[in-house]
Amino acid sequence: MTGYTMLRNGGVGNGGQTCMLRWSNRIRLTWLSFTLFIILVFFPLIAHYYLTTLDEADEAGKRIFGPRAGSELCEVKHVLDLCRIRESVSEELLQLEAKRQELNSEIAKLNLKIEACKKSIENAKQDLLQLKNVISQTEHSYKELMAQNQPKLSLPIRLLPEKDDAGLPPPKVLRGCRLHSCFDYSRCPLTSGFPVYVYDSDQLAFGSYLDPLVKQAFQATARANVYVTENADIACLYVILVGEMQEPVGLRPADLEQQLYSLPHWRTDGHNHVIINLSRKSHTQNLLYNVSTGRAMVAQSTFYAVQYRPGFDLVVSPLVHAMSEPNFMEIPPQVPVKRKYLFTFQGEKIESLRSSLQEARSFEEEMEGDPPADYDDRIIATLKAVQDSKLDQVLVEFICKNPLKPSLPTEWALCGEREDRLALLRLSTFALIITPGDPHLVVSSGCATRLFEALEVGAVPVVLGEQVQLPYQDMLQWNEAALVVPKPRVTEVHFLLRSLSDSDLLAMRRQGRFLWEAYFSTTDSIFNTVLAMIRTRIQIPAAPIREEAAAEIPHRSGKAAGTDPNMADNGDLDLGPVETEPPYASPKYLRNFTLTVTDFYRSWNSAPGPFHLFPHTPFDPVLPSEAKFLGSGTGFRPIGGGAGGSGKEFQAALGGNVPREQFTVVMLTYEREEVLMNSLERLNGLPYLNKVVVVWNSPKLPSEDLLWPDIGVPIMVVRTEKNSLNNRFLPWNEIETEAILSIDDDAHLRHDEIMFGFRVWREARDRIVGFPGRYHAWDIPHQSWLYNSNYSCELSMVLTGAAFFHKYYAYLYSYVMPQAIRDMVDEYINCEDIAMNFLVSHITRKPPIKVTSRWTFRCPGCPQALSHDDSHFHERHKCINFFVKVYGYMPLLYTQFRVDSVLFKTRLPHDKTKCFKFI
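Summarised in this report is the structure supplied together with it. Worth saying up front: this structure is predicted, and the values here are computed from it rather than measured.

Topic: the overall build of the protein
(1) Moving on: Looking only at helices and strands, the protein features 24 helices and 27 strands.
(2) Moving on: Taking the contacts inside the protein whose residues are at least 6 apart along the sequence as the reference set, 78% of them involve residues at least 24 apart.
(3) Moving on: Just so you have it, the protein exposes about 46100 Å², and 56% of that area is on carbon and sulfur atoms.

Right under this line is the structure:
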C-alpha cells in the first residue's frame, strides 16, 4: 500500500517494483493467449476423433452421428411425424374428455328437469281428473235444475178401442162426412206409428169376385208395407179391397153393402175404414154407386158428385201395371222438348157426334148464338179449325178407327189398344184430355187412364174442364205438371200451348214423370200414396226409414299407427283438434211430430225429378237422423252459430252454422290387406274424424293374425252379403254423422287436403265435393254419350273414390233409386260413382264441386285396380247411356268452378287472416 501510494505520488524510490508489475502483466497475457489457442485448435480435433471411433465400434443399425443412407433419413422423419400426431391426438383426447365431463353434467341437469316434468304431468293429470269430476257434477246439477224447472213430459196414453165399440155419434148426413165428423182420432195417437190392418181378401165373402191379378198384387204390396199390422185391435186404419171385380159382375150393390156391414171390425158404421176399388181397365164401372159406405172412406177412380165427399174420399189412379215394374227402356226420353205433334186427341162420344157432324155449323155461327149447354161441340169445331189451319202439326180424331172401349155416358171413350195410344203419345208434345160432359160425373176411369198414359210417355196433359177432380188433387200441385183449362177457353188453348217456353215445358214434363213414378206407376206406389194421404190428413209423422244393419267382423287392434311424413307434415298449420273424446254423432232430427203440419204441402210437390226423393214425402219414411233437407237442394236447419275468427282461430275451429261436426270415412276394400292397412295408418291423427267404416267386400274374411292399426278412433269392419260396389253407398247404422268421406283403399290424400274438402262440403252440403274430376261428352258420329277422364277445365262428375257427400244420398241410392241402375252396377262391377253423380245432379240440378287441382289420387306402388282394365271405359260408356234412358234425360251438368286452397296453407302470422278462397 505504501509502494502503491508512492507510485501514484511519482516517488523515485520505488522504480524496481514498477518493472516487476509490468513483467507480470506481460506473462499473464501470453498464458491466456496460449490457452485459447490450445482450446480452439486441439479440442475440435479430439472430439471429431472420438465420435468417429464410437460410430465404427457400434452396430451399423445403431449409428446416430455417422453418415446415413437416404432411407434411414426418411424413417427418422416418419417417427417425428408420428410423434407430432401423438401429441395432437393427446390434446384432442384431453379436449374430448373435458367435453364429456361437461355433457355428463348437462345430462344430469336434464334428468333432474325430466323428473320435475313427470311430477308436473302427474299433478296436471290429477288436476284434469278433478276438473272432469267438477264438470260431471256441474252437468248433473244442471240436469237436476232443468228437471225441477221443466215439467216432465211423457208419451200420451194409448187409447185402444173395445171390440164392442159402438162408434161415434152418427152425422146428420152421411154424404157430408168429413174427418172431424166421421173419423175416430182416438184410435190414431201421434205416437201410434199409424198401424194399418188389411182384410184378407180370400176370407171375405166377395173375395172370389175380385180380379185375381189385382188381388195378388194388392196382397203382395200389403205384406211388404211398413205400416201394416196383423193385430186388428190396435189398428188405426182398416183397409178393404173391393175391386176390380171380374166381369160380368155377379154381385149386386145390396149384397156388397150387406157384406161390408158384416165385417168383424166395421162397428156399425165403418169409421176408420177405407174401401179401395182399383180399376185396371178404362171401362171399370162405378162399383160402389148406390152402396152405403157409412163413415168409411172410399178410394177409387170414378166418382159422381152425389157420392164424392171432398177432403174425405180419395181419387186414385188406375192400376195399369199390376204385377210388373215400368220398363225404362220403353219409356221415351224427355228430350227433345218439341215432338212431331203439338197436341193430339183421339176419342169418340156418341152423344156429341150427331150434333157436331150433322148440323155442320161454323164456329162463328155458334159464337153468335146462345152458348151451348155442352161445350163438346165447340171443342170439336175449334180443334178441327186448328188442325185445318196448318199453323202447327196437330192430330185430332173424333171417330175411332178401331173399336172403341166401353165408357160411361157423356164420357169420351178411348180408341184402340193401349200400345197404339202410347205410340201416338210418344210423338205428342201435349195430350188433350176432355172431361165428361156430364157435370155430375166428377172423375171417370177413362180420364184417369188418359192422364196416366200421358204422364208415362212424357206428353204434357192439357185437361179441358176445371170441374174434374184429378188424382190426389188436395195434395198435389197439378199446375206444375199439367194445364187445366176451362172448356169455355178452348179457343185460347192453341195460343196457350204455343206460348210455353222450352224450359217451362221441360220442367212440366220432368214433374209429370216424377208424379207418375211416385204415385201412379205400380201397386206399391198407389197403396203407399193412399196410406200417406190419410196419414198426412190426420197429422201423423211418417215411420223412420230403415238403416242397413252392419254385421261387424271381429278384428284385433293395437298396432301403433305410424305417421306418414307426407300426410302429417303441415308445418305450423293447425288443421283442427284430433278427437280424444268419444265420437260425436250428428244431432238427431226431432221435427217428426211437427213437420207433417208445417211442411207437408211442400214435401208432396217440391221434388224436382222423377223419383220421390225427399224424406218427408207422402209414402217414403222419414230419415232418422240425417233428414235435414226441406226442399229441392235447399240447405239444412242451422244448429248453431259460428264464432268467426281469423288466423289461428280459423284454423282451430270449424265455425259456420254447425260449429261442432265430424265426418265418417267409408272405405271399400277387397282382399288387399297390406294396401288397406297402409291407408288406415295414413288416417292417424286426422282431425274431426268420427270413425272409419271398412266395407269388407270379399266373401273371404280377413286374416286371423292381421293386426289392425290404432288410429285413435274406432274402426268398424262390416261384412257384406255379396261382392257389390253398391255396398259403398249402403246407409249403415254405424254411420252416425251427416258427412261421409267415401274413399278407396288405395287413395292417397294428405290431411290438409281432406280437411280442406270437409270445409268446402260444409258450405255446400247438398252436393258431392271431391278431388278427381271427370266429364261426359256427346259422341256425334255414334249419337251417344261418352265418359271422359282426360284433363279438362270443365267437369260434370266427381269420382266417389275420394269425395264427401251427405248420408241422405245413401238412403236414396239404396232404397229409392231405380233398381235397374243398381243391377247395372252389379253386372259390370263398375259405374257406381257415375250412378251417384247422376242421382245427386238429378235431385239438386247442380254440378259437383271439385277441390284442389289434383286429377288422380292413387297411392304410388299400389296394386292395379279394376279401373286399369281395358274394358273399364267401354263399360262406363254403356252405363252413362243406360242411366240416361232410365232418367229420361241427361241430368249431369257441366261446371268450370273449382275450389283451391289459396291461403289455407299459407304461412302467415297468427294475427293475420288465414282462410281459403273459391276460384
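Describing the sheet that holds strand S22 (residues 784-788)
(1) Moving on: Read across the sheet, three strands follow the order S22-S21-S23 without closing on themselves; strand pairing throughout is antiparallel. The outermost strands of the open sheet, each flanked by one partner alone, are S22 and strand S23 (797-798).
(2) Moving on: Judged from the five bridges that link them, strand S21 (residues 773-779) and S22 form a sheet pairing that is antiparallel. Note that in S22 the partner of His-776 across the bridge is Tyr-787.
(3) Moving on: Sheet contacts for helix H24 (residues 871-887): S21, S22 and S23; angle to S22, the most-contacted strand, approximately 135°.

Thoughts on helix H23 (residues 832-844)
A turn of α-helix holds 3.6 residues, and therefore any two residues three or four places apart point the same way.
(1) Moving on: With 13 residues, H23 extends 19 Å from end C-alpha to end C-alpha; this agrees with the ideal 18 Å at 1.5 Å per step.
(2) Moving on: For H23, the buried fraction is high: 13 of the 13 residues fall into the buried class.
(3) Moving on: Looking at the residues trailing H23, positive phi occurs at Arg-845, about 55°.

Considering the packing of aromatic side chains
(1) Moving on: In the structure shown here, the tally under the stated rule is 30 aromatic pairs.
(2) Moving on: With a centroid separation of 5.5 Å and 75° between ring planes, the pair formed by Phe-183 and Tyr-185 is classed as edge-to-face.
(3) Moving on: For the pair Phe-758 and Phe-804, a centre-to-centre distance of 5.8 Å together with 35° between the ring planes defines the contact as tilted. With a gap of 46 residues between them, Phe-758 in helix H20 (residues 751-763) and Phe-804 in strand S24 (residues 802-806) connect regions that are remote in the sequence. There is no split in this pair, since Phe-758 and Phe-804 are both buried.

Remarks on the nonpolar core
For soluble globular proteins, the rule of thumb is that nonpolar side chains tend to be buried together.
(1) Moving on: Membership of the largest hydrophobic core comes to 135 residues, with the highest contact counts inside it found for Phe-194, Val-239, Ile-240, Leu-260, Ile-276 and Phe-883.
(2) Moving on: Residue contacts for Ile-240: discarding those within four places in its chain leaves Tyr-199, Leu-204, Phe-206, Leu-260, Leu-263, Trp-266, His-273, Val-274, Ile-275 and Ile-276.
(3) Moving on: Counting residues in hydrophobic clusters, the runner-up holds 41 residues, among them Leu-689, Val-694, Ala-802 and Val-899.

With respect to the sheet that holds strand S11 (residues 460-464)
(1) Moving on: Here we have five strands laid out as an open sheet, ordered S8-S7-S9-S11-S12, and parallel in their pairing. For this open sheet the edge positions go to strand S8 (395-397) and strand S12 (483-485), each flanked by a neighbour on one side alone. Going from strand to strand, the sheet's axes swing by 20° on average, the running direction of each strand aside.
(2) Moving on: Bridging between strand S7 (residues 341-346) and S8 involves three bridges; their strand directions are parallel.

Let's talk about the packing of helix H5 (residues 212-224) against helix H14 (residues 523-537)
(1) Moving on: Direction vectors running N to C along H5 and H14 enclose 60°, while the axes themselves pass 9 Å from each other. Judged by the angle between their axes, H5 and H14 are oblique. Seen from above, H5 lies across H14 with right-handed handedness. Judged by residue contacts, Ala-217, Phe-218, Thr-221 and Ala-222 of H5 engage Thr-523, Asp-524 and Phe-527 from H14.

Overview of the environment of Asp-269
(1) Moving on: Within the secondary structure, Asp-269 is located in the loop between helix H6 (253-261) and strand S3 (273-277).
(2) Moving on: Separated by 26 residues in sequence, Asp-269 and Arg-295 place their C-alpha atoms 5.6 Å apart.
(3) Moving on: Separated by 2.6 Å, the side chains of Asp-269 and His-271 make a polar contact.

A short note on helix H9 (residues 376-389)
(1) Moving on: Taking 1.5 Å per residue, 14 residues should reach 20 Å; H9 reaches 20 Å between its end C-alpha atoms and fits that length.
(2) Moving on: When we look at burial in H9, the residues that qualify are Asp-376, Arg-378, Ile-379, Ile-380, Thr-382, Leu-383 and Val-386.
(3) Moving on: Directly beyond the C-terminal end of H9, a positive phi value near 60° is found at Lys-390.

Digging into the pattern of salt bridges
(1) Moving on: All told, the structure shown has 35 salt bridges when counted by the stated rule.
(2) Moving on: The shortest N-O distance in the salt bridge between Asp-255 and Arg-252 comes to 3.1 Å.
(3) Moving on: By relative accessible area, which is 23% here, Asp-255 ends up partly exposed.
(4) Moving on: Arg-252 sits in the exposed class, given a relative accessible area of 55%.

The rules behind the values
- Residues numbered from 1 in each chain as written.
- Predicted model: local features only at pLDDT ≥ 70, side-chain atom pairs only at ≥ 80, totals over all residues.
- Heavy atoms only, no water.
- Helix = DSSP H or I, 4+ residues; strand = E, 2+ residues; numbered from the N terminus.
- Contact = heavy atoms within 4.5 Å.
- Areas by Shrake-Rupley, 256 points an atom, 1.4 Å probe, with all protein chains shown as cover.
- Pairing = 2+ DSSP bridges.
- Axes fitted to C-alpha atoms, helices over the stretch in contact; angles between N-to-C directions.
- Expected span 1.5 Å × (residues − 1).
- Buried < 20%, exposed > 50% of the residue type's maximum accessible area, 1.4 Å probe, protein only.
- Phe/Tyr/Trp six-rings, centres within 6.5 Å; stacked < 30°, edge-to-face > 60°.
- Core = buried A, V, L, I, M, F, W, Y, C linked by side-chain atoms within 4.5 Å.
- Parallel < 35°, antiparallel > 145°, perpendicular 65-115°, else oblique.
- Left-handed = near helix turned anticlockwise from the far one by under 90°.
- Polar contact = N/O pair within 3.5 Å; in protein donor to acceptor, adjacent residues only side chain to side chain.
- Salt bridge = Lys/Arg side-chain N within 4 Å of Asp/Glu carboxyl O.

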